[in-house]
Amino acid sequence: MPFFAYKARNARGELVEGVIESADSNAVASQLFNTGITPVQISATSKPRADHALSWWSRLTDEKVKPIDIQLFSRQLYTLLKSGVPIMRGLAGLQESAISKAFGRLIQDLRESLDSGRELSAAMRRHPKEFSSFYISMVRVGEMTGQLEDIFLRLYAHLEFERDMRERVKTALRYPMFVMIAMVIAMVIINVFVIPAFAKVFAGFNAELPLMTRILLGTSNFTVEYWPLLLVSLIAVIVGFRAYVATQHGKYVWDRTKLRIPIVGRIILKGTLARFSRSFALSNKSGVPIVQALNVVALTVDNTYIASRIEQMRDGVERGESILRTATVAGVFTPIVLQMIAVGEETGALDDLMDEIAGMYEHEVEYELKSLSSNIEPILIFGLGVLVLVLALGIFLPIWDLGKVALRK
């Protein structure tokens, strides 16, 4: 169907512009009148998206839609639909009250897609960066079951959990990252400025320097002379690593390796399983078949290795195996979780028990994050101690030897 650009006046008399995909201009006018907007001008256009009207510089520098916008959008839609407000009228109100221009354009595109006859899930599918596959799948389930308002409330709670997890991880890692960055900066300053100054003093000794001092001087000389090569090598390693992780095999290997990192890997695993449990419970409560639920949840865990295990569970359920058996074969769940899955499968309350599992993992992650700094501090202190010891032995040993020679004279 062709696209039509329109200019219209809303109930407040404000000018509204947009693009609608429709059969003809009369159909566009009818759609606008049905949403409480009076058309002023309608003309054919070849631009299917409103943001195509933006220049490339505007699209590059324009504010992006944030996850908190999608979270609040879910809560607002739940309230509007629960109150009986038609979705088109609700979206129009949300567009007018949107503070972010990018989010306002997104809602406008959703309205135009709905005007052209698309379902809400299909309209959201046009924005994969803003709406995840899990989000779209859950909206589709709500459309099929007639429980769209409840789905948006559950999605709001799910996004709140995701945001809370990210904030906790950032808070826990802020201090260790600051210390590590400070150590790297200190090592660069020492190699580039401090050790070369001592090298001039040591050159006047006319004596053989200790091994540690020679190592420090060699490292400093190499850093000063070949720092462009070191910088290029560092950039090449980062770019190569990102390119490798972008591949399917590289992402799988890296996601599996992350789970084996001491201290941090345990937190990542528990957080991922909490996300899986909460998403699976949400899908099950919404009436999604187990096989489809496992297929959808595999897209939400944000870990290719765990996702492959969930897909393995899905294949087992398709073959007629029990969830307990497939979860045991997956090899990522603790015995307590497997026991709760067994009870839930036997009693038919699997969704409630999966919520309990998610809550248990969330509490464990919260405890791990609170103790993360105290677990990393000994490692950081040990690293700082080794750095100070190396510097002390490398710089002060020659001075100490020179002092002993002077005393003998």
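Located above this text is the structure these notes cover.
Residues numbered from 1 in each chain as written. Predicted model: local features only at pLDDT ≥ 70, side-chain atom pairs only at ≥ 80, totals over all residues. Heavy atoms only, no water.

Undergrad: Hey, could you run me through the overall build of the protein chain in this one?
TA: Looking only at helices and strands, one finds 18 helices and three strands in the protein chain. Looking at the protein chain as a whole, 39% of its 409 residues qualify as buried. Pairs at least 24 apart in sequence give 60% of the contacts found in the protein chain among residues at least 6 apart. Only carbon and sulfur atoms are counted for the fraction: they give 62% of the accessible area of the protein chain, which is about 23,100 Å². (Helix = DSSP H or I, 4+ residues; strand = E, 2+ residues; numbered from the N terminus. Buried < 20%, exposed > 50% of the residue type's maximum accessible area, 1.4 Å probe, protein only. Contact = heavy atoms within 4.5 Å. Areas by Shrake-Rupley, 256 points an atom, 1.4 Å probe, with all protein chains shown as cover.)

Undergrad: Could you clarify how one ought to interpret the layout of surface pockets in this entry?
TA: Gaps left between atoms are located by rolling a probe of water-molecule size over the structure's atoms. Taken as a whole, the largest pocket holds about 1,200 Å³ of empty space. Every residue lining the largest pocket is counted, 42 residues in all, and those nearest its centre are Glu-162, Arg-166, Arg-275, Val-301 and Asp-302. (1 Å grid on protein atoms, 1.4 Å probe; cavity = no way out; pocket = protein on both sides within 12 Å on 5 of 7 lines; lining within 4 Å. Points joined across faces, edges and corners; volume = space filled by probe spheres on them.)

Undergrad: Where do I start with the environment of Ile-306 in this structure?
TA: Within the secondary structure, Ile-306 sits in helix H14 (residues 304-318). Residue Ile-306 is classed as buried on the basis of its relative accessible area of 1%. On a C-alpha basis, the gap between Ile-306 and Thr-272 in space is 7.9 Å, while along the polypeptide they are 34 residues apart. When residues no more than four places from it in sequence are discounted, the contact partners of Ile-306 are Leu-259, Leu-269, Thr-272, Val-301 and Val-332.

Undergrad: Would you mind going over a nonpolar patch on the surface with me for this structure?
TA: Side chains of Met-177, Met-180, Ile-181, Val-184, Ile-185, Val-188, Ile-189, Val-192, Phe-193 and Val-224 sit close together on the surface and give an oily, nonpolar patch of about 890 Å² of accessible area. Of the residues forming the nonpolar patch, the biggest block, nine residues, is contributed by helix H8 (residues 148-203). For Val-184, the position within the fold is in helix H8. (Patch = residues over 30% accessible without salt bridge, like charges linked within 9 Å, V, L, I, M, F, W, Y side chains within 5 Å. Salt bridge = Lys/Arg side-chain N within 4 Å of Asp/Glu carboxyl O.)

Undergrad: Mind showing me how you'd approach the packing of aromatic side chains here?
TA: Remark: the centre distance and the inter-plane angle together describe each pair of aromatic rings, the angle taken between the planes. Overall, the coordinates contain nine aromatic pairs when judged by the stated rule. Taking 5.2 Å as the distance between ring centres and 90° as the angle between the ring planes, the aromatic pair formed by Phe-241 and Trp-254 counts as edge-to-face. Of the two residues, Phe-241 is situated in helix H10 (residues 227-246) and Trp-254 in helix H11 (residues 248-258); the sequence distance between them amounts to 13 residues. With a relative accessible area of 40%, Phe-241 lands in the partly exposed category. On the accessibility criterion, Trp-254 (31% relative accessible area) is partly exposed. Pairwise contacts between aromatic rings join Phe-73, Phe-103, Phe-131, Tyr-135 and Phe-152 into one cluster. Residue placement shows Arg-75 over the ring face of Tyr-156; its charged tip is 5.6 Å from the ring centre. (Phe/Tyr/Trp six-rings, centres within 6.5 Å; stacked < 30°, edge-to-face > 60°. Lys NZ or Arg CZ within 6 Å of the ring centre and 35° of its normal.)

Undergrad: Explain the pattern of salt bridges here, please?
TA: Across all of its chains, the model carries 12 salt bridges by this definition. Linking Arg-266 and Glu-368 is a salt bridge whose minimum nitrogen-to-oxygen distance equals 3.0 Å. Placement of the pair is Arg-266 in helix H12 (residues 264-285) and Glu-368 in helix H17 (residues 350-370), with a sequence separation of 102 residues. The partner of Glu-364 in a salt bridge is Lys-270, with the nearest N and O atoms 3.2 Å apart. A residue pair is termed long-range when its members are at least 10 positions apart, and Glu-364 in helix H17 and Lys-270 in helix H12 qualify at 94 residues. Counted as one network, the salt bridges with shared partners bring together Arg-266, Lys-270, Glu-364 and Glu-368.

Undergrad: Mind showing me how you'd approach the environment of Ala-102 here?
TA: Position of Ala-102 among the secondary structure elements: in helix H5 (residues 101-115). The class of Ala-102 is buried, set by a relative accessible area of 11%.

Undergrad: Quick question: what am I supposed to make of helix H4 (residues 87-97) here?
TA: An α-helix turns once per 3.6 residues; consequently, residues spaced three or four apart project the same way. Every buried residue of H4 is listed here: Met-88, Gly-90, Leu-91, Ala-92, Leu-94 and Gln-95. Taken together, the buried residues of H4 touch helix H3 (67-82) and H5.

Undergrad: Could you clarify how one ought to interpret H14 in this entry?
TA: Here H14 is 15 residues long and its end C-alpha atoms lie 21 Å apart, about the 21 Å a rise of 1.5 Å per residue gives. Regarding H14, the residues found buried are Tyr-305, Ile-306, Ala-307, Ile-310, Met-313, Arg-314, Gly-316 and Val-317. Packing partners of the buried residues in H14 comprise H11, H12, helix H13 (290-297) and helix H15 (323-330). Among the residues of H14, the N-terminal cap falls to Asn-303, whose side-chain oxygen and the backbone nitrogen of Tyr-305 are separated by 3.1 Å. Trailing H14 by a residue or two, Gly-320 shows a phi angle of about 100°, which is positive. (Expected span 1.5 Å × (residues − 1). Polar contact = N/O pair within 3.5 Å; in protein donor to acceptor, adjacent residues only side chain to side chain.)

Undergrad: Any chance you could explain the packing of H8 against H12 here in plain terms?
TA: Two quantities define a packed helix pair, namely the angle between the axes and the distance from one axis to the other. Remark: H8 packs on H12, axes separated minimally by 11 Å, with the N-to-C direction vectors making an angle of 175°. Our classification of the angle between H8 and H12 gives roughly antiparallel. Counting all contacts with H8, which are made through Arg-154, Leu-155, His-158, Phe-161, Glu-162 and Met-165, the residues of H12 involved are Gly-271, Ala-274, Arg-275, Arg-278, Ser-279, Leu-282 and Lys-285. In the contact of H8 with H12, the residues fall into five nonpolar, three polar and five charged. (Axes fitted to C-alpha atoms, helices over the stretch in contact; angles between N-to-C directions. Parallel < 35°, antiparallel > 145°, perpendicular 65-115°, else oblique. Nonpolar A, V, L, I, M, F, W, Y, C, P; charged D, E, K, R; others polar.)

Shape is all these values report; function is a separate question.
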